[in-house]
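# Structure assessment
The primary structure of each chain is shown beneath.
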Amino acid sequence: MPNITLSNIQKNYGGGSPNAVENLNLEIGDGEFMCLLGPSGCGKTTTLRMISGLEHPTGGKITIGNRVVDSVTDGVFVPPEKRELGLVFQSYALWPHLTIENNVDFGLRLRKIPRAERESRTTEVMEKMGIAKYRKRYPSELSGGQQQRVALARMLAVNPGVLLLDEPLSNLDARLRLEMRAELKRIHEEFNTTIVFVTHDQWEAMTLATKIGVMSDGELQQLGTPDEIYGAPANRFVAEFVGSPPINIIQLADDETGGLSLWAMQFLSHRYAKIESLGSLGIRPETVHVAVHEIDVPDAAFKARSRVTGVLPTGGSWIIELEVAERKIFSVTSELPSVKAGEEVYFWVRPEDLHLFDVDGNRAPQAELVLSEVGLVK
Ligand SMILES: Nc1ncnc2c1ncn2[C@@H]1O[C@H](COP(=O)(O)OP(=O)(O)OP(=O)(O)O)[C@@H](O)[C@H]1O
């Protein structure tokens, strides 16, 4: 199955608008489940449509396998139907006048596949997708989730090497979404298909992807595995976009934020000499520990005295809201908290759990390394 390579891809829709996609370089490997993740308007759909050939880039080159399918400088453009890709968009239009079986069969007919082969292929895919029992029904007689599965089956029947999916689960309720996510993951494993999936839903991306490309304002912010994106965000945008509840950010070198910023700077300057190059400190809520007594806090930890202002059950876990020097810090725990609103406590964080960003908001890995090494030495 082919690799897809985007080199310096740019897209401008004209009319004086800014570039919808800017200097995008992306390599999608064989068998990859790549999620393009980002807020509304960041250029995800435009990118997917350029891969499919539904949209023309205004700069750069796209290669699928060994074939250049788009090259602005060389004037190459391969139309969508010649790219051998499967497409499913938010609205997964099925043919209303055709039965489910004929909808699934549709692409095979177009390709003039012999009847016996068509029948066996259609049956196989419908059985795998759990829709064989609806084969004689019409789309209007199925639920949204069932129709979604028919749309996927129709695509899988022609066995495309690559599936391009644009928010294909956005119309489903929470339970069906979950089921369909599991279904997609299964399809990916079973059919060994390369999948490019567009979503603004971080959970969807984290649960499905082998690689995530986080986009903002037409630019790729980070490309990495879900663990890399979550555990080592390349900049503050990625850190704040991924994670729920969101990462706590403490702005450094800003006297007006008061005590917490100052304590953070003191803590960091004891361990990391070049404090002036740092701009902010990020702390994921699940790494914020709460202790009633100072003695329970490890020596090397970053700690601050705080007050519990709320304990919020979320079903299976709790968010503890803490206030320190007029700032809110959120902690998440899966164990029933022993603290109550109004109590004075310490919150503490292991040095290796601190995310450091420079003044431009980019991750400062060297500083983190120094910090965690020094931090562990008592
Ligand atoms: N056909 C078009 N003509 C002009 N501008 C467009 C067109 N399609 C998209 N844009 C603009 O390009 C930018 C990127 O849009 P795109 O649809 O790729 O974003 P997205 O990340 O997929 O957003 P969403 O999640 O809302 O679908 C936006 O500013 C959008 O307004």
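Rules used throughout
- Residues numbered from 1 in each chain as written.
- Predicted model: local features only at pLDDT ≥ 70, side-chain atom pairs only at ≥ 80, totals over all residues.
- Helix = DSSP H or I, 4+ residues; strand = E, 2+ residues; numbered from the N terminus.
- Expected span 1.5 Å × (residues − 1).
- Buried ≥ 20, exposed ≤ 12 C-beta atoms within 10 Å, placed from the backbone.
- Arc of directions from axis to C-beta.
- Contact = placed C-beta atoms within 7 Å.
- Pairing = 2+ DSSP bridges.
- Axes fitted to C-alpha atoms, helices over the stretch in contact; angles between N-to-C directions.
- Near = placed C-beta within 6 Å.
- Nonpolar A, V, L, I, M, F, W, Y, C, P; charged D, E, K, R; others polar.
- Core = buried A, V, L, I, M, F, W, Y, C linked by C-beta atoms within 7 Å.
- Parallel < 35°, antiparallel > 145°, perpendicular 65-115°, else oblique.
- Left-handed = near helix turned anticlockwise from the far one by under 90°.

As recorded in an unreviewed UniProt entry, the chain goes by the name ABC transporter ATP-binding protein, listed as coming from Paramicrobacterium chengjingii.

### Here's the deal with helix H3 (residues 115-128)
For H3, built from 14 residues, the straight-helix expectation of 20 Å at 1.5 Å per residue is met to within 8% by its first-to-last C-alpha distance of 20 Å. What H3 keeps buried is the set Thr 122, Val 125 and Met 126. All buried residues of H3 project into a common sector of 100 degrees when viewed along the axis, lining one side. Opposite the buried face of H3, by more than 90 degrees, sit the exposed residues Ala 116, Glu 117 and Ser 120. Contact partners of the buried residues in H3: helix H2 (100-110) and helix H4 (144-157). Positive phi shows up at Gly 130, right after H3, with a value of about 70 degrees.

### As for the sheet that holds strand S17 (residues 327-333)
The antiparallel open sheet is built from five strands, whose spatial order is S14-S18-S15-S16-S17. Two strands bound the open sheet, and with one partner strand each, they are strand S14 (289-291) and S17. The mean inter-strand angle of the sheet, taken between neighbouring strand axes irrespective of direction, is 45 degrees. For S14 and strand S18 (residues 344-349), the ladder comprises three bridges, and the chain directions are antiparallel. Of the residues in S18, the one forming a bridge with His 289 is Trp 348.

### Thoughts on the pairing of strand S11 (residues 219-224)
Here strand S10 (residues 211-216) pairs with S11 via five bridges, running antiparallel. Opposite Gly 213, over in S11, you have Leu 223 as the bridge partner. Counting the residues between successive antiparallel strands, the hairpin from S10 to S11 contains two residues, one of them, Asp 217, with a positive phi of roughly 50 degrees.

### So, the sheet that holds strand S1 (residues 4-11)
The strand order S2-S1-S4-S5-S6 describes an open sheet built from five strands, whose pairing is antiparallel. Whereas interior strands pair on both sides, the edge strands pair on one side only; in this sheet they are strand S2 (21-28) and strand S6 (76-77). As paired elements, strand S5 (residues 67-71) and S6 share two bridges and run antiparallel to each other. Bridge pairing in S6 links Ser 71 to Val 76. Each of S1, S2 and strand S4 (59-64) touches helix H1 (residues 44-52); the most contacted strand, S1, lies at about 120 degrees to it.

### Quick notes on the site of the ligand
The ligand sits among Tyr 13, Ser 17, Ala 20, Gly 38, Ser 40, Gly 41, Cys 42, Gly 43, Lys 44, Thr 45, Thr 46 and His 200. Partitioned by chemical class, the residues of the shell around the ligand number three nonpolar, eight polar and one charged.

### A few points about helix H5 (residues 174-191)
Its 18 residues give H5 an end-to-end C-alpha distance of 25 Å, which sits within 8% of 26 Å, the value for a rise of 1.5 Å per residue. Among the residues of H5, Leu 184, Ile 187 and His 188 are the ones counted as buried. For H5, the angular spread of the buried residues around the axis is 95 degrees, confining them to a single face. Looking at H5, the residues exposed on the side facing more than 90 degrees away from the buried face are Arg 175, Ala 182, Arg 186, Glu 189 and Glu 190. Against strand S3 (33-37), H4, strand S9 (194-199) and helix H6 (202-208) lie the buried residues of H5. Once H5 finishes, Asn 192 follows within two positions and takes phi at roughly 55 degrees, a positive value.

### A word on the nonpolar core
Judged by nonpolar contacts, the single largest core of 91 residues is most densely connected at Met 34, Cys 35, Ala 153, Val 196, Phe 197 and Phe 347. Beyond its immediate chain neighbours, meaning those up to four positions away, Met 34 contacts Ile 28, Ile 195, Val 196, Phe 197, Ala 209, Lys 211 and Gly 213.

### Here's the deal with the packing of H3 against H4
Interaxial distance between H3 and H4 falls to 9 Å at its minimum, and their mutual angle equals 140 degrees. Between H3 and H4, the interaxial angle falls into the category oblique. Handedness of the crossing formed by H3 with H4: right-handed. Contacts from Arg 121, Thr 122, Val 125 and Met 126 of H3 reach H4 at Ala 153, Leu 156 and Ala 157.

### Looking at the pairing of strand S15 (residues 302-313)
For S15 and S18, the ladder comprises six bridges, and the chain directions are antiparallel. Pairing of Arg 307 across the sheet is with Glu 344, part of S18. As paired elements, S15 and strand S16 (residues 318-324) share six bridges and run antiparallel to each other. For Pro 313, the partnering residue across the bridge sits in S16 and is Trp 318. Where S15 folds back on S16, the antiparallel hairpin that results is connected by four residues, among which Gly 315 adopts a positive phi of roughly 80 degrees.

### Side note on unusual backbone geometry
A cis amide bond links Ser 244 with the next residue in sequence, Pro 245, at an omega value of -5 degrees. You can see Pro 245 is positioned in the loop between helix H8 (236-241) and strand S12 (248-251). Look at Asn 23: it is not a glycine, yet its phi comes out positive at around 45 degrees. Within the secondary structure layout, Asn 23 lies in strand S2. Judged by C-beta crowding, with 14 C-beta atoms within 10 Å, Asn 23 ranks as partly exposed. Phi is positive for Lys 112, close to 55 degrees, though the residue is something other than glycine.

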